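Here's the letter readout for the chains.
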Amino acid sequence: TSAICATVFALYIDRNVKPYIDNINIDDLKLNLTSFVYATDPKTGKEIELEQLHDEENRIWVNYEQIPEHLINALIAVEDSRFRTHKGVDWIRTIGATINMIVPIRENFGGGSTITQQVIKNITGEDDVTARRKIQEVLRALEFERNTTKNDILELYLNIVYFGHGCNGVETAAQTYFGKTVSQLTLAESASIVGITKSPTYYNPLRHPDNNKERQELILRLMYEQELIDEASYNKAKAEKLKFNEASS
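Every value quoted in this text rests on a predicted model; they were computed, and no experiment measured them.

The rules we used
- Residues numbered from 1 in each chain as written.
- Predicted model: local features only at pLDDT ≥ 70, side-chain atom pairs only at ≥ 80, totals over all residues.
- Heavy atoms only, no water.
- pLDDT = per-residue confidence, 0-100.
- Contact = heavy atoms within 4.5 Å.
- Helix = DSSP H or I, 4+ residues; strand = E, 2+ residues; numbered from the N terminus.
- Buried < 20%, exposed > 50% of the residue type's maximum accessible area, 1.4 Å probe, protein only.
- Polar contact = N/O pair within 3.5 Å; in protein donor to acceptor, adjacent residues only side chain to side chain.
- Phe/Tyr/Trp six-rings, centres within 6.5 Å; stacked < 30°, edge-to-face > 60°.
- Lys NZ or Arg CZ within 6 Å of the ring centre and 35° of its normal.

Caption draft 1: Broad picture of the confidence of the model for the chain. Looking at the chain as a whole, its pLDDT mean stands at 81, while 72% of the residues score no less than 70. Every residue in residues 34-39 scores below 50 in pLDDT, and together they form 27 contacts with partners more than four places removed in sequence or on other chains. Low pLDDT, under 50, characterises residues 48-54; the predicted model gives this stretch 22 contacts beyond four residues in sequence or across chains.

Below you can see the structure in the form of structure tokens.
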């Protein structure tokens, strides 16, 4: 019976899924980026920023090396704890989510999508809830990780994802919420920003600070439980009073 089911499933993929799978190339990715207008200060001779111009999306691209390690770890802890070891798909979560969908065991089980799969979804714009689309996403993620490094995937995710309040990408979010560049964020601030991605409206720290604080503390606890931070760092970040950018309120 298992062999028959496996054969039928393989035939379904070969006939109904593979023909619709196209290779995803990072070089083909086109995003709206914010432009900067500079002028030369007549007194000092130095260039100063006059204004930032953007269309529908306000995004300032940052390279992986500019993003603090604790922000990367915060993202991995809450979104995809086995990101560094899987090959694009976390089969444990995927199988668990599938079983939970068929036979509900836990109300808040969560989805099985990895960070890689979320990047695929954001690039393709495909998010319809069908078996074929999900299988396509899985196969694309496996292929994507064969040709893309883990660091590049993390860089893509943090520059693509929406952080609420008109912020596309983590650099714009850092400047909007805390008035500083992403490289200057503390552990507490990084966990706060990462927490927004689950629901950019509900966890917006300027509009719903209590919701964001609850999510931030969850992320810090997960980081501690996964040994990504020590107890002293956990307690310090949890107690840190967040100072948001008043100009964005």
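Following the structure, the description resumes.
Caption draft 2: Region of the structure containing the side chain of Thr116. Its place among the elements puts Thr116 in helix α4 (residues 115-124). Residue classification places Thr116 among the buried residues on the basis of a relative accessible area of 0%. A polar contact is formed between the side chain of Thr116 and the side chain of Glu145, at a distance of 2.5 Å. In this view, Thr116 contacts Phe83, His86, Gly88, Ala141, Phe144, Glu145 and Ile153; residues no more than four positions away in its chain are not counted.

Caption draft 3: Just the packing of aromatic side chains, in detail. Evaluated as defined, the whole model comprises 3 aromatic pairs. Considering the side-chain rings of Tyr224 and Tyr234, the 5.3 Å spacing of their centres and the 15° angle between planes classify their relative orientation as stacked. Placement of Tyr224 in helix α9 (residues 209-225) and of Tyr234 in helix α10 (residues 231-239) is noted, with a sequence separation of 10 residues between them. The ring of Phe83 carries Lys150 above its face, with NZ or CZ at 4.3 Å from the centroid.

Caption draft 4: Looking closely at the environment of Arg221. For Arg221, the location among the structural elements is in helix α9. Given the relative accessible area of 37%, Arg221 is considered partly exposed. Note: C-alpha distance between Arg221 and Asn235 (14 residues apart in sequence) is 9.5 Å.

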